[in-house]
Amino acid sequence: MKIKETILEFIKANLIISQNEEMLSDNDNIFELGFVNSLFAMKLLNYLESEFKIVVEPEDMDISNFSTLTNIEAFVKNKL
Amino acid sequence: MSHLSKQQQELYSEFLKFAKTNVEPYANQWDREECISRKIIDICSEAGYLGGTVPAEYGGQGWDNLTYGIFNEAIGRSSISLSGLFNVHTMIEQTILKWGTEEQKQRWLPFMAKGEILGAFALTEPEAGSDAAGITTEYRLDGDKLILNGKKKWITFGAIADIILVFGKLEGKPVACIVEKNTPGLTVTPVKDMLGFRAGHLAVLQFDNCVVSKENMIGKEGFALNYIALYALEFGRISVAFSALGLLRGCLEICSEHVQKRKTFDKRLIEHGAIRKMIADMGVDYEAAKLLCYNATIAKNNHSPDATEKVMIAKYFTTMAAARHSSNAVQIMGAFGCNESFAVSRYYRDSKTMEIIEGSNEIHQMLLGKSFARQFGKVTKIKDESN
Ligand SMILES: Cc1cc2nc3c(=O)[nH]c(=O)nc-3n(C[C@H](O)[C@H](O)[C@H](O)COP(=O)(O)OP(=O)(O)OC[C@H]3O[C@@H](n4cnc5c(N)ncnc54)[C@H](O)[C@@H]3O)c2cc1C
């Protein structure tokens with residue numbers, strides 16, 4: 001599976017609760033949509049590190065890296 | 001089958017022996033005096049326990065999460081207050097390890113691992129506990145320095161810590177900085193008369209125009225709550241879950257001995273159905289809690305995405321079980337259980353407190369409730385569609 005699809009699967013499984021929220025598009029800001037609670041932030045971190053065998057470093061702490069599907073994909077690609 | 005490797009089993013025996021010799025005989029006294037002695041902290045430092053989870057390159061033991069857990073179980077069995085030291089100290093070490101720069105790691109970790117520098121974690125304020133986003137402690141930029149103002153409360157080992165990770169807001173964005181105890185403008189006032197964790201050196205920390213170097217900021221602005229605090233709290237929850245497991249084991253050991261010796265109405269207590277039920281439930285919950293705790297730390301060792309939930313489940317279940325069964329332990333022991341010279345009365349007080357710290361159990365219900373609904377709701381939906 002491609003990186004973006006893999007991440008989308010994860011977000012759908014862990015973030016989206018009602019059907020009408022499933023229309024997440026690539027550039028929607030998941031933080032601004034208000035989906036994210038504290039549990040998800042930690043899960044996303046663990047997920048990215050374990051799934052793609054990367055380490056999220058202090059300098060990667062930039063909210064835009066994790067805000068949209070497109071940005072998460074770009075961040076992961078950059079790390080690989 | 002044991003979930004522990006041979007090395008973990010050996011370490012567990014070492015930890016139990018250590019706690020039996022150095023902790024258990026003094027735990028009631030520390031509790032009465034509301035003070036963990038400096039001597040035991042030095043003994044733990046010498047044994048390398050304050051650097052348990054720190055990698056060898058920074059002078060630590062390089063324990064995995066399950067080993068850290070069983071260490072907390074052994075300590076918690078003897079003194080919950082002492083487990084509080086490892087809890088907060090490890091939270092700071094792990095935060096620096098994950099989010100600190102190499103310079104910050106070199107500056108603090110080798111000294112923390114040796115116990116020469118003790119760490120504390122300061123998030124809660126008099127007006128903001130569960131709702132951490134409501135903190136009002138403020139950092140203000142002044143040239144290349146930060147000026148810190150605010151008040152933190154209930155800070156475990158805050159009264160004797162050398163460095164404190166202090167959460168606040170810089171221009172509205174959450175940040176966390178290491179503040180040294182001798183910083184001018186920092187007033188430390190010990191908190192006394194707690195229900196549990198009485199010997200845990202809790203403190204109120206008042207910061208009045210404290211000057212903090214920008215180099216002490218851990219991670220970047222804006223990430224302190226969702227990433228730094230939560231990352232640290234996960235280690236705190238492991239410590240609380242496992243030390244509650246130790247407390248539960250303590251209840252089981254003390255009560256099991258008592259019910260086989262003590263007689264009423266010509267029968268040993270264990271022959272009475274009501275007592276036997278309490279022991280059965282205690283044992284079953286101990287076994288269940290142990291599996292949840294082990295499972296959570298194994299998931300964390302494997303960097304599994306559901307490790308966060310599993311750690312929360314373990315903390316939630318084990319602290320609730322500990323509170324319930326320590327209450328039953330007092331009941332089983334009768335008047336002995338009501339006396340301060342017996343560990344169960346201390347367990348009873350400590351376990352109640354453990355339902356409040358590291359994210360109260362209601363906050364766990366909020367997050368886990370939603371998470372389970374999402375997880376299992378999906379399954380129902382798929383089934384509905386196939387009908
Ligand atoms: C022994 C001890 C040691 C501690 N050590 C530290 C430390 O080292 N560092 C630190 O920063 N803090 C520490 N704390 C503080 C601790 O983290 C807080 O007490 C905890 O987060 C709860 O906050 P609170 O006490 O302000 O309660 P509140 O947040 O005021 O909550 C009060 C009650 O309401 C419930 N509640 C709150 N919101 C909701 C909701 N949305 N739905 C349902 N129920 C809700 C809570 O569960 C609780 O039962 C310590 C506390 C204790 C008792």
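Residues numbered from 1 in each chain as written. Chains lettered and ligands numbered in written order. Predicted model: local features only at pLDDT ≥ 70, side-chain atom pairs only at ≥ 80, totals over all residues. Heavy atoms only, no water.

A. Expanded view of unusual backbone geometry. All names here are of chain B. One non-glycine residue with positive phi stands out, namely aspartate 193, at about 65°. Relative to the helices and strands, aspartate 193 resides in the loop between β6 (186-190) and β7 (203-213). In the Ramachandran plot, aspartate 266 falls in the positive-phi region, its phi being about 65° despite a non-glycine side chain. Of note, aspartate 266 is situated in the loop between β8 (263-264) and β9 (267-268). Exposure remark for aspartate 266: the relative accessible area of 77% places this residue in the exposed category. (Helix = DSSP H or I, 4+ residues; strand = E, 2+ residues; numbered from the N terminus. Buried < 20%, exposed > 50% of the residue type's maximum accessible area, 1.4 Å probe, protein only.)

B. Local environment of the site of the ligand. Residue and element names in this part refer to chain B. As a matter of local geometry, the ligand sits amid 20 residues, with Thr124, Ser130, Thr156, Ser360 and Glu362 nearest to it. One nitrogen or oxygen atom from the side chain of threonine 124 is found 2.7 Å from a nitrogen atom belonging to the ligand. Applying the majority rule of atoms within 2 Å of the grid points places the ligand in the largest pocket. Of all the secondary structure elements, the ones that give two or more residues to the shell around the ligand are β1 (119-122), β3 (145-155) and α11 (361-386). Per element, the largest residue contribution to the shell around the ligand is three residues, and it comes from α11. Tallied by class, the residues present in the shell around the ligand amount to 13 nonpolar, six polar and one charged. A domain-level breakdown of the shell around the ligand finds at least three residues from each of domain 2 (120-221) and domain 3 (225-373). (Near = heavy atom within 4 Å. Polar contact = N/O pair within 3.5 Å; in protein donor to acceptor, adjacent residues only side chain to side chain. 1 Å grid on protein atoms, 1.4 Å probe; cavity = no way out; pocket = protein on both sides within 12 Å on 5 of 7 lines; lining within 4 Å. Sits in = over half its atoms within 2 Å of the grid points. Nonpolar A, V, L, I, M, F, W, Y, C, P; charged D, E, K, R; others polar. Domains from an automatic or database assignment.)

C. Quick look at the domain arrangement of chain B. Residues and elements named next belong to chain B. The domains assigned to chain B are domain 1 (6-117), domain 2 (120-221) and domain 3 (225-373). Centre-to-centre, using C-alpha coordinates, domain 1 lies 21 Å away from domain 3. Of the roughly 2600 Å² buried where domain 1 meets domain 3, counting both sides, 57% is carbon and sulfur surface. Taken together, the connections running from domain 1 to domain 3 amount to three salt bridges. In this structure, arginine 77 engages glutamate 253 in a salt bridge whose closest nitrogen and oxygen atoms are separated by 2.7 Å. Counting across the interface, domain 1 meets domain 3 through 12 residue pairs in polar contact (both at pLDDT 80 or more). (Buried area = accessible area lost by both parts, 1.4 Å probe. Salt bridge = Lys/Arg side-chain N within 4 Å of Asp/Glu carboxyl O.)

D. Looking closely at the pattern of salt bridges. Residues and elements named next belong to chain B. Per the counting criterion, the structure on display carries 29 salt bridges over all chains. Linking arginine 107 and glutamate 180 is a salt bridge whose minimum nitrogen-to-oxygen distance equals 3.1 Å. In this pair, arginine 107 sits in helix α6 (residues 102-113) while glutamate 180 sits in strand β5 (residues 173-180), placing the two residues 73 residues apart along the sequence. Classification of arginine 107 by relative accessible area gives partly exposed; the value is 35%. For glutamate 180, a relative accessible area of 29% gives the class partly exposed. Look at the salt bridges and you will find they share partners, linking Asp31, Glu34, Arg198, Glu340 and Arg349 into a network.

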